[in-house]
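# Structure assessment
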Amino acid sequence: GTGVIRYENASTNRFVSLDGGVAVLSDRELTVLDADGGEVFRTAAAMASPALTGCGGRAAAYDVGGTELYLVDGSGEKLHLTTDGAIQAVTLTPGGWLTVTADCKSAVTVYSPAGAEAFRFQSSRRFLSTAAVTADGKYLAAVALGQESGTFTSYLLFYDLSQDAEEPQFTCPVPDDLVFELGITGSALCALGQDGLSLFPSAGTAGEGFSWSGEHL
């Protein structure tokens, strides 16, 4: 489009490009604008710590430590959730899967591309910091924190989305690193850590690590 996109000027503004538009999140409202700057959707969304993540033409707006989440695309709102516990992390994949990790006993909920709840479990024995669905849509990968020789490290726990099980089918360590975020790169699962980047080509296979060479995020 050739229009001018106008939005409320706020230091907390977050932006995500949508197919043919843009999502704008402030600490007071969420807006979806089309390519010509026309307003497609607007809603009040009072958030103490607003966060906006996007992938595959969609954006998820949520309050870190809060309970409200909105899923939008270029046509407007697709889903509005109120979680049981405080939201820790939200992940979107190119295939349209939405994963929400909350602090209510490390509850992880997966929503299908159609917006239906597809998988949910609570980890009573492990603290889970974030999670994402694999590129093939068959597994949920969740990041668990543990210790080895007195050093904190991360593990990827892979859960089969076709089974109602609270125990992972596969467990893969991320040696000597703390994972902050998960994402999809091509067909591989990408784990972004403090000391490097690890790529997991499929569920249950060992990851290939790439070090920051002494630098840290």
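It should be noted that the structure appears before, not after, this text.
The text that follows walks through the structure, step by step, so that each part is easy to find. (Residues numbered from 1 in each chain as written. Predicted model: local features only at pLDDT ≥ 70, side-chain atom pairs only at ≥ 80, totals over all residues. Heavy atoms only, no water.)

With respect to the helices and strands, the residue Thr-130 is situated in strand β13 (residues 128-133). Once you skip the residues sitting within four places of it in the chain, Thr-130 turns out to touch Ala-89, Thr-91, Thr-101, Ala-141, Ala-142, Val-143, Phe-180, Glu-181 and Leu-182. (Helix = DSSP H or I, 4+ residues; strand = E, 2+ residues; numbered from the N terminus. Contact = heavy atoms within 4.5 Å.)

Ranked by internal contacts, the top residues of the largest apolar core, which has 15 residues, are Val-110, Phe-119, Phe-121, Leu-128, Leu-140, Tyr-159 and Leu-161. Breaking this core down by element, the ones donating at least two residues are β11 (107-111), β12 (117-122), β13, β14 (139-148) and β15 (151-160). Excluding residues that lie within four positions of it along the chain, Leu-140 makes contacts with Thr-99, Val-108, Val-110, Phe-119, Phe-121, Ala-131, Ala-132, Val-133, Leu-157, Phe-158, Tyr-159 and Leu-161. (Core = buried A, V, L, I, M, F, W, Y, C linked by side-chain atoms within 4.5 Å. Buried < 20%, exposed > 50% of the residue type's maximum accessible area, 1.4 Å probe, protein only.)

Bringing the environment of Gly-146 into the picture now. Note on placement: Gly-146 falls in strand β14. Its relative accessible area of 16% is what places Gly-146 among the buried residues. Along the primary structure Gly-146 and Pro-173 are separated by 27 residues, whereas in three dimensions their C-alpha atoms are 9.6 Å apart. Setting aside residues up to four positions removed in sequence, Gly-146 forms contacts with Thr-151, Phe-152, Thr-153 and Tyr-155.

With the rule as written, the count across this model stands at 5 salt bridges. Residue Arg-42 is joined to Glu-39 by a salt bridge in which the shortest nitrogen-to-oxygen separation is 2.7 Å. Using a relative accessible area of 40% as the deciding quantity, one classes Arg-42 as partly exposed. Connected through salt bridges with shared partners, the residues Glu-29, Glu-39 and Arg-42 form a single ionic network. (Salt bridge = Lys/Arg side-chain N within 4 Å of Asp/Glu carboxyl O.)

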